[in-house]
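Descriptive structure summary
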Amino acid sequence: MLNLERLRTLDALARHGSVSGAALGLHITTSAVSQQMAKLEREVGQRLLAKHGRGVRLTDAGRLLAEHASRILSQVELAQADLEAQRGQVAGELRLSAFPTAARGLFPVVLAELRKAHPGLRLRSSELEPERGIAGVVRGDLDLAVVLDWYNKPMPVPDGLVKAPILDDPADVAMPAGHPLAHRDEVDLAEFAEDEWITWGEGEFCHEWLMFTLRSRGVEPIVGHRAAETHTQLGLVAAGLGVCIAPLLGRHPVPEGVVTVPLRQRVRRHVYAVWRADADRRPSIRAAVEALKTAGRALGRTADGPAEERTGRGDGGADRQDDGRGEAAGGTTR
């Protein structure tokens, strides 16, 4: 009899391509991965791993069993979803992630509402960048992730996932109150060619989007500082160290000494939820998606696009009021 947890370890190793990657994805040690694989090899009576440089690779038998493991684990998840659907109860454990501003701007309301409405639901949330959230859902480490992409740079979503739009989030340029453009009602990105930009970390999706967008407007960006968190970026702006893109979701309160000005060519990011297609019938997933959509509607920024979209098998001069804008005391919006 094949052990399910050992098959899960093999599946993680096949997905990540290394023992350390599998250990990170499963939240266990590398030695635990090696022990599980050694036991699995004894169970099947064949070598599943072979040395490859400083790492390991799957043997032919390992690849064959990994393909079966992926299908078995998918069927197990589907069975769990069907059982939950038959009970019709929103219960059990639900593991969610969101990128930082969604974790701040959506999760407090959404998670509190879910806990109040469904006392039998155990919620486990984490703050993860979109790429890591999607990877966690694909691996089965997460049940649902709140992720984003930008109006001009979609985020690739792997096969076998379902996604649903939550809201469209407008973004402005944040600048020190003494900036020459701070008095303007609108600005263009090309006007910041000589400014230092405060951006996200190298290689992060939002950083790559900003570099791509600035260059498409004829601006070779001058990157002065990097910070993962919007509030850290705004703090650096308040100190007069540069300008940054400031999405509306989760940016309150804007620090004193910071002015946010809308862009003439409106910039929006699309916020949506993703989950595995084989977990689609779970009542807990459905409840979480509806709670997220309700929170998006409450913010007045309902997303465009289809209600849901499956991948593979298994976001001109708009009126600012339509963006649901408004600032807390502190910084200023033009």
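For clarity, every value in this text was computed on a predicted model and none was experimentally measured. (Residues numbered from 1 in each chain as written. Predicted model: local features only at pLDDT ≥ 70, side-chain atom pairs only at ≥ 80, totals over all residues. Heavy atoms only, no water.)

Quick word on the overall build of the protein
A count of helical and extended segments in the protein gives 10 helices and 12 strands. Split by element, the accessible area of the protein, about 15,600 Å² in all, is 51% carbon and sulfur. (Helix = DSSP H or I, 4+ residues; strand = E, 2+ residues; numbered from the N terminus. Areas by Shrake-Rupley, 256 points an atom, 1.4 Å probe, with all protein chains shown as cover.)

Here we look at the confidence of the model for the protein
Across the protein, the average pLDDT comes to 86, with 89% of residues at 70 or higher. Confidence scores differ between elements of the protein, with strand β11 (residues 309-310) showing the lowest mean pLDDT of 62 and strand β7 (residues 196-199) the highest of 97. Per-residue pLDDT stays below 50 along residues 313-329; that stretch engages in 45 contacts with residues further than four places along the chain or on separate chains. (pLDDT = per-residue confidence, 0-100. Contact = heavy atoms within 4.5 Å.)

Observations concerning the environment of Leu7
Mapped onto the elements of the fold, Leu7 is located in helix α1 (residues 4-16). Overall, Leu7 belongs to the buried group, its relative accessible area being 3%. A sequence separation of 33 residues divides Leu7 from Leu40, and the C-alpha atoms of the two residues are 7.8 Å apart. Those residues in contact with Leu7, other than ones at most four positions away along the chain, are Leu2, Leu40, Leu65, Ala69, Ile72 and Leu73. (Buried < 20%, exposed > 50% of the residue type's maximum accessible area, 1.4 Å probe, protein only.)

Some thoughts on the nonpolar core
Leu106, Leu144, Val146, Trp150, Val173, Ile245 and Leu292 are the most contacted members of the largest nonpolar core, which totals 69 residues. Ranked by the residues each element gives to this core, the list is headed by strand β10 (residues 258-276), at 9 residues. When residues no more than four places from it in sequence are discounted, the contact partners of Ile245 are Trp150, Ala171, Asp172, Val173, Leu189, Trp197, Trp200, Trp209, Leu210, Gln233 and Leu263. Val19, Leu49, Ala66 and Ala69 belong to the second largest nonpolar core, which has 17 residues in total. (Core = buried A, V, L, I, M, F, W, Y, C linked by side-chain atoms within 4.5 Å.)

What about the pairing of strand β3 (residues 92-98)?
Summarising the sheet, β3 and strand β4 (residues 121-127) pair through 7 bridges and their orientation is parallel. Within β4, the residue paired with Ser97 across the bridge is Ser126. When β3 meets strand β5 (residues 144-150), the two strands line up parallel, connected through 3 bridges. Paired with Leu96 across the strands is Leu144, a residue of β5. (Pairing = 2+ DSSP bridges.)

Structural notes on the packing of helix α6 (residues 107-117) against helix α10 (residues 283-298)
In a pair of packed helices, the angle between the axes and the distance between the axes together describe the arrangement. Look at α6 against α10: their axes get within 9 Å of each other, and the N-to-C directions meet at 135 degrees. One way to sum up the angle between α6 and α10 is to call them oblique. In this structure, α6 crosses over α10, and the sense of that crossing is right-handed. Contacts from Phe107, Val110 and Leu114 in α6 reach Ala287, Ala288, Ala291, Leu292 and Ala295 in α10. Along the lines of polarity and charge, the residues of the contact of α6 with α10 split into 8 nonpolar, no polar and no charged. (Axes fitted to C-alpha atoms, helices over the stretch in contact; angles between N-to-C directions. Parallel < 35°, antiparallel > 145°, perpendicular 65-115°, else oblique. Left-handed = near helix turned anticlockwise from the far one by under 90°. Nonpolar A, V, L, I, M, F, W, Y, C, P; charged D, E, K, R; others polar.)

A word on helix α8 (residues 205-216)
An ideal rise of 1.5 Å per residue puts 16 Å on 12 residues; α8 measures up with 16 Å between its terminal C-alpha atoms. Residues Phe205, Cys206, His207, Trp209, Leu210, Met211, Thr213 and Leu214 constitute the buried set of α8. In this structure, the buried side of α8 is in contact with α7 (130-139), β5, β7, β8 (222-226), β9 (244-247) and β10. Note on α8: the residue one or two positions beyond its end, Gly218, has a positive phi of about 80 degrees. (Expected span 1.5 Å × (residues − 1).)

Details of the pairing of β9
Side chains of β9 alternate between two faces, with Cys244 and Ala246 and Ile245 and Pro247 buried alike. Alignment of strand β6 (residues 161-176) against β9, held across 4 bridges, turns out to be antiparallel. The residue of β9 that forms the bridge with Val173 is Ile245.

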